[in-house]
Amino acid sequence: MRIRATVAAVTGALALSALAVPAAQAADVSGVFGADYREAVAKIRQAAHAPSGATAFSTKAAQDEPYALDASFSNFKIAKAVKVGTTGHYSTTVTYTLTHGADVDITAQDFLTGPYLYRGAFATPDTTLFGVNPATCTTATATTATCTGKIDVYPGEGDLLNTDAGTWKGAALAIAYNGQDPAGENFDITKVGYADQGDLGTTLVQRNSKLTVNASPEPVKKDATLTITGKLTRANWETGTYVGLPSGQKVVLQFRKAGTTNYTNVKGIQTAAGGALKTTVKASVDGYWRFTYAGITSTAPATVAGDYVDVN
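Residues numbered from 1 in each chain as written. Predicted model: local features only at pLDDT ≥ 70, side-chain atom pairs only at ≥ 80, totals over all residues. Heavy atoms only, no water.

1. Comments concerning the overall build of the protein
No. 1: For the protein, the helix and strand inventory stands at 2 helices and 20 strands.
No. 2: Here the protein holds 312 residues, and the buried ones make up 48% of them.
No. 3: Nonlocal contacts in the protein, meaning residues at least 24 apart in sequence, comprise 67% of its contacts between residues at least 6 apart.
No. 4: Total accessible area on the protein stands at roughly 14,200 Å², and carbon and sulfur atoms take up 50% of it. (Helix = DSSP H or I, 4+ residues; strand = E, 2+ residues; numbered from the N terminus. Buried < 20%, exposed > 50% of the residue type's maximum accessible area, 1.4 Å probe, protein only. Contact = heavy atoms within 4.5 Å. Areas by Shrake-Rupley, 256 points an atom, 1.4 Å probe, with all protein chains shown as cover.)

Structure below.
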């Protein structure tokens, strides 16, 4: 779930509307309290970081904030990159160590912890990505636990803008509700414990890319000119389609001789407008031709299956 920065002084009803997620994707934690996990933790986080104490729970000053929970996070591990297409569900697993005070009961039913990603300043991020469910933790010692959680992305639901592609920072949070129900009439946020920590790691959230290739004519006479064309496209998260990359992207043409297993580089070429690719080579032996793209910060690598050419 992607959550954009919002004005701190908002009403509870507005915050619920802004952070709502599709029912099919929402984790049902109503056994703990009547709220979705991502919605609930986003509200608590907003309250904890509200600059003037004005939060999603009220517009009062700092007394309406959660207290500082004795918890910290380390050993945050996440994949180097997350490739995201235009539809469906994408996720990546995160592991981390939770260290907590002896008085923090991480086995309580209403204790939650989980990883998340953010862009911008930690206290006031431009956008965040959470998991659908909280992390699960295994006790290591009396005051430490090893936790595993996920970051979930649904591009078809508006989780990402194209400008979100690139480097994201990793963070983790923990919430001890201590019997407080955030959906209840008597909810007292000052009795809720909250801890979070940023700059735990980084990952790339990348627009997925695709390549095509076509070698012609097929078959071709030995030493004749073979024309190889293709196209490099990437996911447009805002339109739900794949679009050609700008001209000048570096792509490598590779060849694998029939009966062998390894491809070798033949030449480097660059995309034309709309991601178009075109080059020529001399046909010599039967084999497979393909393009491969190393990717850039915003766009994932791609390699297309080889196109077989019979040389007569």
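Let's pick the thread back up.
2. Observations regarding the state of the cysteines
No. 1: Within this structure, the stated rule accounts for 1 disulfide.
No. 2: Put simply, Cys137 and Cys147 are joined by a disulfide, and their sulfur atoms are 2.1 Å apart. On the S-S bond that ties Cys137 to Cys147, the torsion sits near 105 degrees, and the link is right-handed. Residue Cys137 is located in strand S8 (residues 136-141), and its partner Cys147 is located in strand S9 (residues 144-153); the two are separated by 10 residues in the primary sequence.
No. 3: Owing to a relative accessible area of 0%, Cys147 belongs among the buried residues under this scheme. (Disulfide = S-S within 2.5 Å.)

3. Quick word on the side chain of Thr279
No. 1: Following the sequence through the fold, Thr279 ends up in strand S17 (residues 276-282).
No. 2: Its relative accessible area of 9% is what places Thr279 among the buried residues.
No. 3: One polar contact links Thr279 to Lys267, side chain to side chain, over a distance of 3.1 Å.
No. 4: Non-local contacts of Thr279, meaning those with residues more than four positions away in its chain, are made with Leu226, Thr227, Ile228, Leu253, Lys267 and Ile269. (Polar contact = N/O pair within 3.5 Å; in protein donor to acceptor, adjacent residues only side chain to side chain.)

4. Notes on the packing of aromatic side chains
No. 1: Taken as a whole and judged by the stated rule, the model has 6 aromatic pairs.
No. 2: A centroid spacing of 5.0 Å and a plane angle of 55 degrees characterise the contact between Tyr288 and Tyr308, whose relative ring orientation is tilted. Residue Tyr288 is found in strand S18 (residues 287-293), and its partner Tyr308 is found in strand S20 (residues 307-309); the two are separated by 20 residues along the sequence.
No. 3: Put simply, the rings of Tyr116, Tyr118, Phe122 and Phe130 pair up and form one aromatic cluster.
No. 4: The lysine or arginine in question, Arg256, covers the ring of Tyr288, its NZ or CZ lying 4.2 Å from the ring centre. (Phe/Tyr/Trp six-rings, centres within 6.5 Å; stacked < 30°, edge-to-face > 60°. Lys NZ or Arg CZ within 6 Å of the ring centre and 35° of its normal.)

5. A short note on unusual backbone geometry
Note: most peptide bonds trans; most residues except glycine with negative phi.
No. 1: Look at the link from Ser216 to Pro217: it is a cis peptide, with omega at 5 degrees.
No. 2: At the junction of Glu218 and Pro219, the peptide bond is cis and its omega measures out at -5 degrees in the coordinates.
No. 3: The residue Pro219 is located in the loop between strand S12 (209-216) and strand S13 (225-236) in this model.
No. 4: Positive phi is not limited to glycine here, since Asp199 has a value of about 55 degrees.
No. 5: Structurally, the position occupied by Asp199 is in strand S11 (residues 193-207).
No. 6: Looking at Asp199, the relative accessible area reads 55%, which means it is exposed.

6. Some remarks on the side chain of Gln254
No. 1: Relative to the elements of secondary structure, Gln254 occurs in strand S15 (residues 250-257).
No. 2: Polar side-chain contacts of Gln254 include one of 2.7 Å to the side chain of Arg290.
No. 3: Ignoring sequence-local partners within four residues, the contact set of Gln254 consists of Tyr263, Thr264, Asn265, Val266, Tyr288, Trp289, Arg290 and Thr292.

7. Overview of helix H2 (residues 37-49)
Residues spaced three or four apart along an α-helix face the same direction, because each turn holds 3.6 residues.
No. 1: Under the 1.5 Å per step criterion, the end-to-end length of H2 is 18 Å for 13 residues, consistent within 8% with the ideal 18 Å.
No. 2: In terms of burial, H2 is a largely internal element, 12 of the 13 residues being buried.
No. 3: Taken together, the buried positions of H2 are Tyr37, Arg38, Glu39, Ala40, Val41, Ala42, Lys43, Ile44, Arg45, Gln46, Ala47 and His49.
No. 4: For H2, the capping residue at the N-terminal end is Asp36, with a side-chain oxygen 3.2 Å from the backbone nitrogen of Arg38. (Expected span 1.5 Å × (residues − 1).)

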